[in-house]
Amino acid sequence: MKDNQPNITIIGAGASGLAAAITLKKSGYHCTVLEQAKSVGGRVQTLRENGLLLDDGFQVLLDAYPALPEFLDLPALNLIKFLPGSMIFKDGKTYKLGDPRRNASFFWKTIYTGVGSFKDKWLVFSLSRKLKNKSVEAIFQEPETRTLDYLQDYGFSSKIIHNFFKPFYAGIFLETELSTSSRMFEFVFKMFNEGNATLPAKGIQAIPEQMASQLAADQIKFEQKVDSIQGNTIIMEDGQQFKSDFTIVATPAGSLVPNLSSQDLDWHQVTVLYFETDHAGFNEPIIGLVPNEDCLINNFHFLNDIFDNHRNVISISVVKPHNLSDQQLAERVVKELREETGIKANELVRCFHIPKALPQLESLNYAMPPSETQLNQHVFLAGDQLSNGSLNAALLNGKAAAQAVIAKIEDRVLV
Ligand SMILES: Cc1cc2nc3c(=O)[nH]c(=O)nc-3n(C[C@H](O)[C@H](O)[C@H](O)COP(=O)(O)OP(=O)(O)OC[C@H]3O[C@@H](n4cnc5c(N)ncnc54)[C@H](O)[C@@H]3O)c2cc1C
């Protein structure tokens, strides 16, 4: 560690705050991370109980994310890969749709007849080729349209949009209109094409836990809620105050910093329900989709297809907003699942509502340049909400804020 260390505080032990702390540590700077919750991870949480791994919201790690190698030891996470495709349940039939170049169990001929056209198949190949040759930076410089308009303009049929793109990307964007920026669509499509959707064998929270393990044990202070930041003073919820020469706010800063509250964010929400089921699963890790727009169910998968020795448990994501109680929602979902897929769900194991899952952003960028993370003399901003709702953006923005702090301390000009 360097001598004459300034006080550096990070607010939030989500992926972004942890990336900032790791970046500082690598450059020889100590920081303290204040986290209001009892564990690391922020929006990346896993409930581990009775031998079950229940992620608090279904999310995947796209292993092609460029930011990962710097912060994660991917082999040590024992990543389980989803198959590059989906099972689509429609009108009493099941279609397995995916990329046959990457997995031989996907056959174009049979699947496209029910859910799309031959032209759609060609367009998927052409889009894959186009995005393979386009950098992520170039993707985020394109003019933005709604993803739905982008797909229509690209020439995809309404059939494939309805049967595949809508349910698949609704489950990623957490909104059913596909109004999310086409930049995000291109980015996610490219990441799926160049890598895999994965889950760590110990649940999604193994990601921030591995990051936290790179820091000193006492560096993260839990159950420490910050109330506000006034210049170089941090005021805690219990009234305590202390000095921080540099503070990185790795969460939306609107409620913490004076005069920023007008920047309060809107969020996409999601509900995830876990049920016991007699169904043995698909015998392979794959995501099931329900395209019927009258249904609340968006997607589902079986935990026993993913994790070893897991009881037969199905995870179901509901993206559409609803006003149902847990009991009403569970009954509705069980009925829909039986009618749409023939799968019988038994006892409800857990229901997680995540009201603030993904930030609703007008315009997306790939990552903040370090020079733009500085809010004032003492405060720097991080978090995915500055760029796009993804772990990749969270990591890059945490790193950018830390780089800006280091440059300030070392009196270097950022380029
Ligand atoms: C259901 C769901 C599905 C998702 N799917 C995907 C996916 O498939 N792929 C993907 O890449 N991304 C996905 N994401 C997004 C991804 O999880 C986020 O981009 C990422 O976790 C954001 O990290 P962050 O550190 O920026 O923010 P957060 O994880 O929100 O971390 C902020 C931290 O700050 C703490 N904090 C806030 N206020 C205070 C305060 N006043 N005092 C102290 N601490 C405070 C919070 O407790 C939290 O720990 C999904 C998210 C959800 C919820």
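Relevant structure appears above.
Residues numbered from 1 in each chain as written. Predicted model: local features only at pLDDT ≥ 70, side-chain atom pairs only at ≥ 80, totals over all residues. Heavy atoms only, no water.

K.L.:
What is the right way to look at the overall build of the protein chain in this model?
P.N.:
From N to C terminus, the protein chain includes 11 helices and 20 strands. Relative to the compact-globule value of 22 Å for 415 residues, the protein chain shows a C-alpha radius of gyration of 22 Å, a close match. Each principal axis of the C-alpha atoms in the protein chain carries an extent, and together these give about 65 × 45 × 40 Å. Looking at the 415 residues of the protein chain, the share that counts as buried comes to 56%. Counting contacts in the protein chain only where the partners sit at least 6 residues apart, residues at least 24 apart contribute 72% of the total. With an accessible surface of roughly 18,200 Å², the protein chain has 48% of that area assigned to carbon and sulfur atoms. (Helix = DSSP H or I, 4+ residues; strand = E, 2+ residues; numbered from the N terminus. Rg over C-alpha atoms; globule rule 2.2 N^0.38 Å. Buried < 20%, exposed > 50% of the residue type's maximum accessible area, 1.4 Å probe, protein only. Contact = heavy atoms within 4.5 Å. Areas by Shrake-Rupley, 256 points an atom, 1.4 Å probe, with all protein chains shown as cover.)

K.L.:
Please clarify how the sheet that holds strand β14 (residues 246–249) should be interpreted in this entry.
P.N.:
Read across the sheet, five strands follow the order β10-β2-β1-β14-β20 without closing on themselves; strand pairing throughout is parallel. Looking at which strands have only one partner, the edges of the open sheet turn out to be β10 (220–221) and β20 (379–381). Note that strand β1 (residues 8–11) and strand β2 (residues 32–34) share three bridges and pair parallel. Bridging across to β2, Thr 9 finds its partner in Thr 32. Seen against the sheet, helix α1 (residues 15–26) touches β1, β2, β10 and β14 and runs at an angle of roughly 160° to β1. (Pairing = 2+ DSSP bridges. Axes fitted to C-alpha atoms, helices over the stretch in contact; angles between N-to-C directions.)

K.L.:
What's the story with the sheet that holds strand β16 (residues 287–289) in this structure? I'm lost.
P.N.:
Strand pairing within a sheet occurs via backbone hydrogen bonds; the two strands may be parallel or antiparallel. Spatial strand order, β8-β7-β16-β17-β18-β15-β19: seven strands in an open sheet with mixed pairing. Across the chains shown, the open sheet's two edge strands, defined by having one partner strand only, are β8 (93–98) and β19 (345–360). Sheet twist, expressed as the average angle between the axes of neighbouring strands with direction ignored, equals 25°. Pairing geometry for β16 and strand β17 (residues 297–302), over two bridges, is antiparallel. Opposite Gly 288, over in β17, you have Phe 300 as the bridge partner.

K.L.:
Where do I start with the pattern of salt bridges in this structure?
P.N.:
Where charged atoms from two side chains of opposite charge approach closely, those side chains can pair. Inspection of the entire model under this criterion finds 16 salt bridges. For Lys 130, the salt bridge identified is with Glu 186, shortest N-O distance 3.5 Å. Here Glu 186 lies in helix α8 (residues 182–194) and Lys 130 lies in helix α4 (residues 118–132), a separation of 56 residues in the sequence. Through salt bridges with shared partners, a single ionic network connects Lys 130, Lys 134, Glu 142 and Glu 186. (Salt bridge = Lys/Arg side-chain N within 4 Å of Asp/Glu carboxyl O.)

K.L.:
Can you help me understand the site of the ligand in this one?
P.N.:
Around the ligand, the surrounding shell holds 33 residues, and the nearest of these are Glu 35, Arg 43, Gln 59, Tyr 65 and Asp 384. Separating an oxygen atom of the ligand from a backbone N or O atom of Ala 15 is a distance of 3.2 Å. Between the ligand and Gly 42, the relevant distance is 3.5 Å, taken from an oxygen atom to a main-chain nitrogen or oxygen of the residue. Protein contact buries 92% of the 1,000 Å² of open area that the ligand shows by itself. Of all elements in the fold, only α1, β19 and α11 (391–409) reach the threshold of two or more residues within the shell around the ligand. With three residues, the single largest contributor to the shell around the ligand is β19. Grouping the constituent residues of the shell around the ligand by class yields 16 nonpolar, 13 polar and four charged. Inspection of the shell around the ligand shows a minimum of three residues originating in each of domain 1 (8–44 + 205–264 + 365–409) and domain 2 (52–200 + 267–360). (Near = heavy atom within 4 Å. Polar contact = N/O pair within 3.5 Å; in protein donor to acceptor, adjacent residues only side chain to side chain. Nonpolar A, V, L, I, M, F, W, Y, C, P; charged D, E, K, R; others polar. Domains from an automatic or database assignment.)

K.L.:
Explanation requested: the packing of aromatic side chains in the structure shown.
P.N.:
Describing an aromatic ring pair means giving the distance of the ring centres and the angle of the ring planes. In the structure shown here, the tally under the stated rule is 25 aromatic pairs. Relative to Phe 187, the ring of Tyr 65 lies with its centre 5.9 Å away and its plane at 10°, an arrangement referred to as stacked. Of this pair, Tyr 65 sits in the loop between β5 (61–62) and α2 (68–71) while Phe 187 sits in helix α8, placing them 122 residues apart in sequence. Grouping residues by exposure puts Tyr 65 and Phe 187 together as buried. Here the aromatic rings of Phe 89 and Phe 300 are separated by 5.5 Å at their centres, their planes lie at 45°, and the arrangement is tilted. One end of the pair, Phe 89, is in strand β7 (residues 85–90); the other, Phe 300, is in strand β17, with 211 residues separating them in the sequence. Take Phe 89 and Phe 300: they sit in the same class, and that class is buried. Within the aromatic cluster, the residues linked to one another by ring pairs are Tyr 150, Tyr 154, Phe 156, Phe 164, Phe 165, Phe 168, Tyr 169, Phe 173, Phe 185, Phe 189 and Phe 192. A cation over a ring is seen here: Lys 26 above Phe 71, with NZ or CZ 5.5 Å from the ring centre. (Phe/Tyr/Trp six-rings, centres within 6.5 Å; stacked < 30°, edge-to-face > 60°. Lys NZ or Arg CZ within 6 Å of the ring centre and 35° of its normal.)

K.L.:
What should I look at first to understand the pairing of strand β18 (residues 313–318) in this one?
P.N.:
Successive side chains on a regular strand alternate, one facing one side of the sheet and the next facing the other. Of all six residues in β18, six are buried, a share of seventy percent or more. Burial along β18 is two-sided: Val 313, Ser 315 and Ser 317 and Ile 314, Ile 316 and Val 318, pointing in opposite directions, are all buried. With six bridges connecting them, strand β15 (residues 266–277) and β18 associate as antiparallel partners. Residue pairing in the sheet places Glu 276 in a bridge with Val 313 of β18.

K.L.:
Would you mind showing me how to read the side chain of Ser 317 here?
P.N.:
When you line up the elements, Ser 317 lands in strand β18. If we skip the residues at most four places from it in the chain, Ser 317 touches Phe 58, Val 270, Thr 271, Val 272, Leu 296, Ile 297, Asn 298 and Asn 299.

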